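Geometric and topological summary
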Amino acid sequence: MKKSERMNQMLRFINQKQQFTLQDLMQEFQISKRTALRDITSLEELGAPIYVEYGRYGGYRLLQQMQLPPISFNTGELHALYFAMQALRSFSSLPFQISFRTIHEKFMNALSDKQRQDIENIQHRVYFQHTEQIRDSAHLEFLLMAAVQNIVIQITYANQRRSSDQRPSSTNTNIRTIQPIALYTRKGYWYCQAYDLHKQAYRVFRCDRIISAETTEIEPLTHVKELYSQDAQSLWKPSEQAIPFKCLIDEAGMELFQQEHFPSMQISEKRGHMYLVGSYEPHELDFIVRYLAGYGKSIKIMEPVILQKALRQYYLDLLDHV
């Protein structure tokens, strides 16, 4: 990092902390003690009102907040920001109702002619293939802020019922009291990871199926916030009714697994063979069958028998439509 760029970032760093030590600067900017001392001298020359506090717990204090210069970006950072924005193009629903077109226009108008030309040249050499958003989600901002502020909310959620032949037949709704943890998007859908207070279990909700959402006066559960910092794999525990499954999987199947899998499943090796193992809840049979069908000939279900029969029936139903 160039010194001028480091000075700019350091100004923002100390303006936010107000009180800091040499160790803070050394850790934040990965610099030596000698460089940190020189940088503080440079900041004082720039007019930063820094006061030295002596003693065992001494350090440096900023006497007053400073008016910071506008943020500037180098060419590499501008390219990185532009490519990051491309991820917004395929979403019609975004937290805070962000408009890609508005952001894109402001970004491009702020560039110099040379920078704009560079971006346009890159556009012809890099292609982004997006998964288009399938359904709109009306409550993304509300769900995100509930997760950020650790708020328990009540939602009306639409469940899709399945007929006896596993085809969609109708939908019903129910009221769920949840504590949102995080949002993520996958294959055209937004999902909300949350703790279901009624079921006392972690659940994932399709955001487009959330019909309404409102805050409650219920105190948030502290252990939910603590678990959030752990590995996501450990959050999603199977219930006592969960059904274990085991599939023999080949190399092509393992590549498909890396592209899409869920916390309830993993790859394991035994006696030189690779297996896709995991569990599913009884009401998730249709879901797990459709998921495993995507592997084609790359897997062979070893157990349970009910899953083997369900997958065979799935293929037979497909043949009826050929």
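Residues numbered from 1 in each chain as written. Predicted model: local features only at pLDDT ≥ 70, side-chain atom pairs only at ≥ 80, totals over all residues. Heavy atoms only, no water.

As recorded in an unreviewed UniProt entry, the protein goes by the name YafY family protein, listed as coming from Paenibacillus amylolyticus.

1. Concerning the sheet that holds strand E9 (residues 243-249)
Reading across from one edge, E10-E11-E9-E12 is the order of the four strands in this open sheet, with antiparallel pairing throughout. Strands at the two margins of the open sheet, each flanked by one partner only, are strand E10 (265-270) and strand E12 (299-303). Taking each pair of neighbouring strands and ignoring which way they run, the sheet shows an average axis angle of 30°. With six bridges connecting them, E9 and strand E11 (residues 273-280) associate as antiparallel partners. Paired with Leu248 across the two strands is Tyr275, which belongs to E11. Across the face of the sheet, helix H10 (residues 285-293) comes into contact with E9, E10, E11 and E12 while running at roughly 155° to E11. (Pairing = 2+ DSSP bridges. Helix = DSSP H or I, 4+ residues; strand = E, 2+ residues; numbered from the N terminus. Axes fitted to C-alpha atoms, helices over the stretch in contact; angles between N-to-C directions. Contact = heavy atoms within 4.5 Å.)

2. Let's talk about helix H3 (residues 33-45)
Spanning 13 residues, H3 covers 19 Å between terminal C-alpha atoms, matching the ideal 18 Å at 1.5 Å per step. Structurally, H3 contributes buried residues whose contacts are with helix H1 (3-17), strand E1 (19-20), helix H2 (22-29), strand E2 (50-53) and strand E3 (59-62). Trailing H3 by a residue or two, Gly47 shows a phi angle of about 105°, which is positive. (Expected span 1.5 Å × (residues − 1).)

3. As for unusual backbone geometry
Backbone torsion omega between Glu303 and Pro304 reads 5°, so that peptide bond is classified as cis. A positive phi is found at Gln18, a non-glycine position, where the angle reads about 70°. Topologically, Gln18 is positioned in the loop between H1 and E1. Using a relative accessible area of 23% as the deciding quantity, one classes Gln18 as partly exposed. (Buried < 20%, exposed > 50% of the residue type's maximum accessible area, 1.4 Å probe, protein only.)

4. Comments concerning the sheet that holds E2
Two modes of strand pairing occur in sheets, parallel and antiparallel, and in both the strands are linked by backbone hydrogen bonds. In space, the three strands of this open sheet follow the order E1-E3-E2, with antiparallel pairing throughout. If you trace the sheet from one side to the other, it starts and ends with E1 and E2, each paired once. One ladder, built from two bridges, connects E1 with E3; its direction is antiparallel. In the strand pairing of E3, Phe20 is matched with Tyr60. Of the strands in this sheet, E1, E2 and E3 touch H3, which is tilted by about 135° from E2.

5. Section: a nonpolar patch on the surface
There is a patch of nonpolar side chains on the surface, built from Leu316, Leu319 and Val322 and spanning about 350 Å² of accessible area. With respect to the helices, strands and loops of the structure, Leu316 is situated in helix H11 (residues 305-320). (Patch = residues over 30% accessible without salt bridge, like charges linked within 9 Å, V, L, I, M, F, W, Y side chains within 5 Å. Areas by Shrake-Rupley, 256 points an atom, 1.4 Å probe, with all protein chains shown as cover. Salt bridge = Lys/Arg side-chain N within 4 Å of Asp/Glu carboxyl O.)

6. Some details on helix H4 (residues 75-85)
Those residues of H4 not exposed but buried are Leu78, His79, Tyr82 and Met85. End-on view of H4: buried residues confined to an arc of 125°, all on one side of the axis. (Arc of directions from axis to C-beta.)

7. Quick word on the packing of H2 against H3
The contact between H2 and H3 brings their axes to 9 Å, and the two run at 105°. By the criterion of interaxial angle, the relationship of H2 to H3 is roughly perpendicular. Judged by residue contacts, Leu22, Leu25 and Met26 of H2 engage Lys33, Ala36, Leu37 and Ile40 from H3. Tallied by class, the residues present in the contact of H2 with H3 amount to six nonpolar, no polar and one charged. (Parallel < 35°, antiparallel > 145°, perpendicular 65-115°, else oblique. Nonpolar A, V, L, I, M, F, W, Y, C, P; charged D, E, K, R; others polar.)

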